[in-house]
Structure formats: structure tokens, C-alpha cells
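# Observations on the model geometry
Chain by chain, the residues run as shown.
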Amino acid sequence: MSEKRQQQLDEFITRRGLRRTPQRQKIIDAIFVSDEHFTAEELYERVRKSDSKISRATVYRSLTLFVEAGLLREIDLGGDRTHYDPNFDDKPGHGHIICVDCGKVIEFSDEELSQMEDGIVLKHGFKPLRSTLRIEAKCDALRKSGMCPDLIKARMAKKLPIRS
Ligand SMILES: [Zn+2]
Ligand SMILES: [Zn+2]
């Protein structure tokens, strides 16, 4: 994880008078090894590989903390589970295109779109702070062949309901 992020976390922990625990550090390391979006449960599974004694409650509590610290953002990728996005530091204001069937997610950024959004917000007398757009779509394979690749596997991995 980047120095800047570590600093952000350290500052937050100090400001809140929290303790710097090895467990918390393990969780943060597990989050930033990849740029994938994840659910709390997925993170718990990931962290358990490096520390089998870590509790679900610790992972969930830390997630709330990291969101407050601005290291992570909660996003809505559809389904009934909250996803967490570790990429807003590198790509502020990015949006997500999500396949309605297999749940595949693509990130995108568009300067023109952001300016347009800001314009709309300002027109309504508000000051834009942040936004993330979610577009539901058909992935390339679904569009072309009517079937997503490895559909069942993908939906199982994302814990989406399997449709018949
Ligand atoms: Zn994202
Ligand atoms: Zn798909």
C-alpha cells in the first residue's frame, strides 16, 4: 500500500485516539493487495488466510473505520451486499459498468461527464462533493452470444442468485 495511504490511516488512528493493532494492519494490507471491489465477507475470507484467529467482527468494524478514514468507499454494485472500493484514491470520481447477468464490473472515468455532473449540481444550488455512477449493462459476451462466460461460476463467486 502506498505511503500516502499509510499516512492517511496513521493520522486517522491518532486523531481518533485508537490503537495501532497488528490485526488492523493485516486487514488494510489484505485490502490493498489488489484493486478489486469486495464485500465484507470476501475480505474476511482473504484476511483469514494470513490470520486464522481474526474475528469477523474485527474485520467488519475495521471496514467501517476505513470508510470513515476515507481510505475506502462503499459502493452499490447491485445485489443485496455492500461492496467496498479501494480505488477512489487513484481514480476519484470513477463510475462502474455492471453486467446485469454475470456481475462483471468495469471501471471508467470521464472528464466531460464529471464536468457535466458538477454543472447540474451547481445549477441546483448545491456544491458537488463526490459522485459515482452505476450503469447496468450487458457485457460483451452476453450482448454477442446471449450468454455470459462461466455464468454459474461468476454468479457463485459474486454470490448472486443463480437464475434458471
Ligand atoms: Zn471502482
Ligand atoms: Zn455478463
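Our structure's up above, just so we're on the same page.
Note that this is a predicted model, so its numbers are computed, not measured.

## Observations concerning the pattern of salt bridges
- Within this structure, the stated rule accounts for 14 salt bridges.
- Residue D89 is joined to R5 by a salt bridge in which the shortest nitrogen-to-oxygen separation is 3.9 Å. In this pair, D89 sits in the loop between β3 (83-85) and β4 (95-99) while R5 sits in helix α1 (residues 3-15), placing the two residues 84 residues apart along the sequence.
- Taking the shortest distance from any N to any O, the salt bridge between R48 and E45 comes out at 3.4 Å. Taken together, the residues span about one helical turn, with R48 and E45 both in helix α3 (residues 40-50) at a distance of three residues.
- On the basis of relative accessible area, E45 is assigned to the partly exposed category, the value being 35%.
- Counted as one network, the salt bridges with shared partners bring together K4, R5, D89 and D90.

## What about the coordination of the zinc ion (ligand 1)?
- Within the protein, the zinc ion (ligand 1) binds to H37 (NE2), D85 (OD), H94 (NE2), H96 (NE2) and E107 (OE); these donor distances fall in the range 1.9 to 2.2 Å.
- Between the donor residues of the zinc ion (ligand 1), the gaps in sequence give the motif H-x47-D-x8-H-x1-H-x10-E. Of this pair, H94 sits in the loop between β3 and β4 while E107 sits in strand β5 (residues 105-108), and the two are 13 residues apart along the sequence.
- Owing to a relative accessible area of 0%, H94 belongs among the buried residues under this scheme.

Rules used in this analysis
- Residues numbered from 1 in each chain as written.
- Chains lettered and ligands numbered in written order.
- Predicted model: local features only at pLDDT ≥ 70, side-chain atom pairs only at ≥ 80, totals over all residues.
- Heavy atoms only, no water.
- Salt bridge = Lys/Arg side-chain N within 4 Å of Asp/Glu carboxyl O.
- Helix = DSSP H or I, 4+ residues; strand = E, 2+ residues; numbered from the N terminus.
- Buried < 20%, exposed > 50% of the residue type's maximum accessible area, 1.4 Å probe, protein only.
- Donors = N, O, S within 2.8 Å, 3.2 Å for Na, K, Ca; no water.

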